[in-house]
Amino acid sequence: MSNNQQETHLNRARASLRQTLSWYNNLRKPGQSSHNNDLAGLLKPELEMLNATLNKLDHNVIRIAAFGLVSRGKSAVLNALLGQKILQTGPLNGVTQYPRSVRWSPSDKVQIELIDTPGLDEIAGEIRAQMARDVAQQADLILFIVSGDITRTEYQALLELRKSQKPLILVFNKVDLYPDTDREAVYRNLQQLGAGNLLEKPLQPDEIVMVAAEPAPLEVRVEYPDGKVDYEWENLPPKIDELRQIILTILNREGRSLLALNALVQAREAEEIIAQKTIDARDEAAEELIWKYAKYKAVAVGLNPVAILDVISGTIVDLALIRSLSKLYGLPMTGYEAAKILQTILFSSGSLLLGELATSLVFGLGKSAAVVTSADNPGNIAGFLGSAVVQSGIAGYGAYTVGKAAQVYLKKGCTWGQFGASTVIQEILAQVPKDTILFRLRQELGNTK
Ligand SMILES: Nc1nc2c(ncn2[C@@H]2O[C@H](COP(=O)(O)OP(=O)(O)O)[C@@H](O)[C@H]2O)c(=O)[nH]1
Ligand SMILES: [Mg+2]
């Protein structure tokens, strides 16, 4: 991907986040109605998170997190990348207690933050899972460190991390402990992991790398001139160049686009949570609103004597209901989107609303006929009223269904505006070239609706 393209992706992501933030920050503006104050408080964590994400975009820092079971050499691999022993390593469990991060500047083009984590088997159950999710969510690239054939726990953790939809490199560490033939066999096994549950195809060469981050010292025999023989331990340099090269290649090729996409995926999640919280907080008011419109619609449709006009006025009421709901929730929504939502709802709740439409026409025609003939025959007024009552009941129920469905679609739809996170994600994914990690992730990332 060209530099230009990557910059464009970053800019699109920034614009999207800024728009979202300015929209929701309006909730707190003094001029706004006071009933929004409670919402502003409720949405604070998500807004802070959106701010932090935007900040990260502005500083162009790419985060790489190391995951793995205890003592696989997570800290050692990060040290080897850094070329310095900054993170503590050791044979005992629990050397790394909390996620820690270190700056790595391998070139002046990219800023990288390396995140070291405790072993996935070191801390208990739910806390561990939460920690892993939090760190994985923030990371732009994941290094999963193993040191040989993988265990069931490792496989489970790997599957779990894949769900975070981030590029992942499987790092086979401690290869110095394996004779060449064994090492190749393990490598092939690891490669085939991809052929099972994980992905459809074997892992690609840039998705799995052999390293020796802190090779075991070698015992060397030293013969002194006087004939004395001694044994000494000699430290070997780490074997890490290939991993470093792969990381740098990925980051140069698509680092900024990865950053943009991750920010957008986080924004999309935050926006969905915001929408859900808003809908929950406005539950009672919404219920009232929906009933009010159901009554309007019943009256408008029931009393309208012209068959086609009542269908139209029914639709107008439905649209007004959708717009009032979006206003109540303070969710981004234009007239065009309201019409699209209504269309989607009409399709998805098909049979009921088709029923409404059909009965509208039948009873509407009945009503019209009754009106036309009632001049001669006053008895037809009863016919008109009979049709009107049935029809308005159905219409009211239809409005109720539309209102309920609109809540669901408002929640999903708030990220689909012109600069909405989902829209920009689709745009970026539509442009990624074939030889990128992003292209491989496209299926998962784009799968949003
Ligand atoms: N033989 C060998 N030992 C290693 C290698 N990398 C790390 N170790 C050792 O494995 C142990 C655990 O390393 P550490 O980085 O603390 O693992 P972590 O718990 O995953 O962070 C330490 O004693 C390291 O010296 C390697 O490439 N080869
Ligand atoms: Mg460690």
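Right above here is the structure, for reference.
Everything in this summary refers to the structure shown in the same document. Note that the structure is predicted; figures quoted are calculated from it, not measured.

1. Notes on the overall build of the protein
Line of reasoning, step 1. Scanning the protein for helices and strands turns up 15 helices and eight strands.
Line of reasoning, step 2. A buried classification covers 47% of the 449 residues belonging to the protein.
Line of reasoning, step 3. Long-range pairs, those at least 24 residues apart, make up 71% of the contacts in the protein with a sequence separation of at least 6.
Line of reasoning, step 4. Of the roughly 22100 Å² of accessible surface on the protein, a fraction of 56% belongs to carbon and sulfur atoms.

2. Points about the pairing of strand β5 (residues 168-172)
Line of reasoning, step 1. Among the five residues that make up β5, five are buried, leaving the element largely enclosed by the rest of the structure.
Line of reasoning, step 2. Residues Leu-168, Leu-170 and Phe-172 point to one face of β5 and Ile-169 and Val-171 to the other, with burial holding for every one of them.
Line of reasoning, step 3. Two strands pair when backbone bridges link them, and strand β4 (residues 141-146) and β5 are joined in this way by five bridges, in the parallel orientation. Residue pairing across strands places Val-146 opposite Phe-172, the latter belonging to β5.
Line of reasoning, step 4. For the crossover that starts at β4, traverses helix α6 (residues 152-162) and ends in the parallel β5, the hand is right-handed.
Line of reasoning, step 5. Of the strand pairs in this sheet, β5 and strand β6 (residues 208-210) are connected by three bridges, and their pairing is parallel. Residue pairing across strands places Val-171 opposite Val-209, the latter belonging to β6.

3. Thoughts on the site of ligand 1
Line of reasoning, step 1. In the vicinity of ligand 1 lie 20 residues, with Ser-71, Lys-74, Ala-76, Asp-176 and Glu-214 positioned nearest.
Line of reasoning, step 2. With respect to ligand 1, the backbone of Ser-71 contributes an N or O atom lying 2.9 Å from an oxygen atom.
Line of reasoning, step 3. One of the side-chain nitrogen or oxygen atoms of Lys-174 is found 3.1 Å away from an oxygen atom of ligand 1.
Line of reasoning, step 4. For ligand 1, the accessible surface in isolation is 580 Å², of which the surrounding protein chains cover 89%.
Line of reasoning, step 5. Its residues assigned to classes, the shell around ligand 1 shows nine nonpolar, six polar and five charged.

4. Examining a negative patch on the surface
Line of reasoning, step 1. Taken together, Asp-280, Asp-283, Glu-284 and Glu-288 make up a surface patch of like negative charges.
Line of reasoning, step 2. In terms of residues, the negative patch owes the most to one element, helix α9 (residues 283-303), which gives three residues.
Line of reasoning, step 3. Looking at the element boundaries, Asp-280 is found in helix α8 (residues 241-281).

5. Here we look at the packing of aromatic side chains
Two measures describe an aromatic ring pair: the distance that separates the ring centres and the angle between the ring planes.
Line of reasoning, step 1. One pass over the full model with this rule turns up three aromatic pairs.
Line of reasoning, step 2. Aromatic side chains Tyr-293 and Tyr-296 sit 5.3 Å apart centroid to centroid with 80° between the ring planes, which places their arrangement in the edge-to-face category. Taken together, the positions of Tyr-293 and Tyr-296, both in helix α9 and three residues apart, correspond to about one turn of that helix.
Line of reasoning, step 3. Over the ring of Tyr-224 we find Lys-228; its NZ or CZ atom is 5.7 Å from the centre of that ring.

So, how was this worked out
- Residues numbered from 1 in each chain as written.
- Chains lettered and ligands numbered in written order.
- Predicted model: local features only at pLDDT ≥ 70, side-chain atom pairs only at ≥ 80, totals over all residues.
- Heavy atoms only, no water.
- Helix = DSSP H or I, 4+ residues; strand = E, 2+ residues; numbered from the N terminus.
- Buried < 20%, exposed > 50% of the residue type's maximum accessible area, 1.4 Å probe, protein only.
- Contact = heavy atoms within 4.5 Å.
- Areas by Shrake-Rupley, 256 points an atom, 1.4 Å probe, with all protein chains shown as cover.
- Pairing = 2+ DSSP bridges.
- Right-handed = clockwise from strand over helix to strand, strands pointing away.
- Near = heavy atom within 4 Å.
- Polar contact = N/O pair within 3.5 Å; in protein donor to acceptor, adjacent residues only side chain to side chain.
- Nonpolar A, V, L, I, M, F, W, Y, C, P; charged D, E, K, R; others polar.
- Patch = residues over 30% accessible without salt bridge, like charges linked within 9 Å, V, L, I, M, F, W, Y side chains within 5 Å.
- Salt bridge = Lys/Arg side-chain N within 4 Å of Asp/Glu carboxyl O.
- Lys, Arg positive; Asp, Glu negative; His and termini not counted.
- Charge placed at Lys NZ, Arg CZ, Asp CG, Glu CD.
- Phe/Tyr/Trp six-rings, centres within 6.5 Å; stacked < 30°, edge-to-face > 60°.
- Lys NZ or Arg CZ within 6 Å of the ring centre and 35° of its normal.

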